[in-house]
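Read off the chains here:
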Amino acid sequence: RGVVSPEAGADDRALDGALRPRMLEDFVGQDRVREQLSLVLRGAQSRGRAPDHVLMSGGPGLGKTTLAMIIANELGAPLRITSGPAIERSGDLAAVLSTLQEGEVLFLDEIHRMARPAEEMLYVAMEDFRVDVVVGKGPGATAIPLDIAPFTLVGATTRAGLLPAPLRDRFGFTAHVDFYRPEDLETIVRRSAGLLGADLAPDAAREIARRSRGTPRIANRLLRRVRDYAEVRGDGTLDRATARAALSLYEVDELGLDRLDRAVLDALLRRFRGGPVGLSTLAVSVGEEPETVEVVAEPFLVRAGFVARTPRGRVATPEAWEHMGMTPPDGAAG
Ligand code: ADP
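Quick notes on the rules
Residues numbered from 1 in each chain as written. Predicted model: local features only at pLDDT ≥ 70, side-chain atom pairs only at ≥ 80, totals over all residues. Near = placed C-beta within 6 Å. Helix = DSSP H or I, 4+ residues; strand = E, 2+ residues; numbered from the N terminus. Nonpolar A, V, L, I, M, F, W, Y, C, P; charged D, E, K, R; others polar. Pairing = 2+ DSSP bridges. Axes fitted to C-alpha atoms, helices over the stretch in contact; angles between N-to-C directions. Contact = placed C-beta atoms within 7 Å. Parallel < 35°, antiparallel > 145°, perpendicular 65-115°, else oblique. UniProt positions renumbered as here; feature names shortened; annotations may be inferred. Buried ≥ 20, exposed ≤ 12 C-beta atoms within 10 Å, placed from the backbone.

**Remarks on the site of the ligand**
Right, so step 1: Near the ligand there are 19 residues, and of these Gly 63, Lys 64, Thr 65, Thr 66 and Pro 216 occur at the shortest range.
Right, so step 2: Broken down by secondary-structure element, the contributors of at least two residues to the shell around the ligand are helix 1 (10-19), helix 3 (64-75) and helix 9 (216-232).
Right, so step 3: When grouped by side-chain class, the residues that make up the shell around the ligand number eight nonpolar, seven polar and four charged.

Structure (structure tokens):
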């Protein structure tokens, strides 16, 4: 999906290496997380031991992978990256765990999507640095304990609430990565522009930051679209007018709403007079799958204060009417 999706596309990945901050002091915003992590790392270093396992929770594109890389860099330790969906059987996890080096940082993205049987194995590995390798099948199967190198697990999840309690409890520290403040996004955009060698005017940085849905990945992507526009249609200057023109071409509005968001709002206001209306009815009226509306459009519309979830369905707020330039009919909900 479009230019304001928080998920990474191939285009994002190609530039991630260049744009990712490498050390904690270059990581913008999230002051509390930065301070907490810094203490955990310094404490472990002064004791000469691998730090506690760290769980990071927060939406896509907010910097969880970046933080995992920073943890390894700060420790001067190697980093191994894998993800929940890649671990389909406990054998997949055993293969990773048994080849870790001493002190290695293991980043397990989307940890909530790991196969259940692997979870038990991870508990033991996290606690005792041991893997029980099962040899044979059926009644003759035996578990052979295998010591593994002490390591630090960095788990990431978009939904900490989905993790089974025994897994959550084995992390020494949970970092909640939140949406970024506009001024932090502005700093990120300016930093990225510098790294890309683009000459970005301050008011253009503000314009991009404002439309980035609190998400660094989106901010970096919008910056690239503005840069393309400036190079192809303009004279290469990244000023506010160019930023506005480019973002309107991609149908990203003043507050970062895109075409789908606006279609959903428009249907909610016009066809359902502001609601309440059920999510699937709303989805059908914009020609989308309910899941797309629920996962892609709704979270941002709710966070932006345009849509409220009620037991009777979705309801538009007064801010939604105002943003779409419409007047609520008499007696409309919200
Ligand atoms: P996640 O793992 O949470 O999906 P990433 O760590 O991949 O997110 O971050 C997405 C992109 O946003 C990265 O390429 C990185 O360049 C940028 N980014 C994320 N957080 C920050 C930050 N605090 N400061 C600067 N850039 C950031």
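**Quick notes on the sheet that holds strand 7 (residues 173-176)**
Right, so step 1: Sheet architecture is open: five strands sit in the order 2-3-6-1-7, paired in parallel fashion. The two strands at the open ends of the sheet, each matched to only one other strand, are strand 2 (79-83) and strand 7. Taking each pair of neighbouring strands and ignoring which way they run, the sheet shows an average axis angle of 20°.
Right, so step 2: Strand direction decides the pairing type here: strand 1 (residues 54-57) and strand 6 (residues 152-157), joined by four bridges, are parallel. Along strand 6, the bridge assignment pairs Ser 57 with Thr 157.
Right, so step 3: The sheet contacts of helix 3 involve strand 1, strand 2, strand 3 (105-109) and strand 6, and relative to strand 3 the element is tilted by about 175°.

**What about the packing of helix 4 (residues 90-97) against helix 5 (residues 116-128)?**
Right, so step 1: In the contact formed by helix 4 and helix 5, the axes pass within 8 Å of each other and the chain directions differ by 30°. Taken together, the axes of helix 4 and helix 5 lie roughly parallel to each other. In this structure, helix 4 contributes Ser 90, Asp 92, Leu 93, Ala 94 and Leu 97 to the contact, and helix 5 contributes Pro 117, Ala 118, Met 121, Leu 122 and Ala 125.
Right, so step 2: Residues that form the contact of helix 4 with helix 5 fall into these classes: eight nonpolar, one polar and one charged.

**Overview of the UniProt feature "binding site: ATP" (unreviewed entry) in the protein chain**
Right, so step 1: Taken from the UniProt record, the annotation "binding site: ATP" (unreviewed entry) applies to Leu 19, Arg 20, Gly 61, Lys 64, Thr 65, Thr 66, Glu 127, Asp 128, Phe 129, Arg 170, Tyr 180 and Arg 217. Spatial dispersion of the annotated residues is evident: they stretch over 199 residues in sequence, and the largest pairwise C-alpha distance comes to 36.7 Å.
Right, so step 2: For Phe 129, the position within the fold is in the loop between helix 5 and strand 4 (130-135).
Right, so step 3: The partly exposed category is assigned to Phe 129, around which 15 C-beta atoms lie within 10 Å.
Right, so step 4: Not counting residues up to four positions away in its chain, the partners in contact with Phe 129 are Asp 147, Ile 148 and Pro 150.
Right, so step 5: Its location among the elements puts Tyr 180 in the loop between strand 7 and helix 7 (182-196).
Right, so step 6: The contacts of Tyr 180, once residues within four sequence positions are left out, are Gly 29, Leu 185, Gly 214 and Pro 216.

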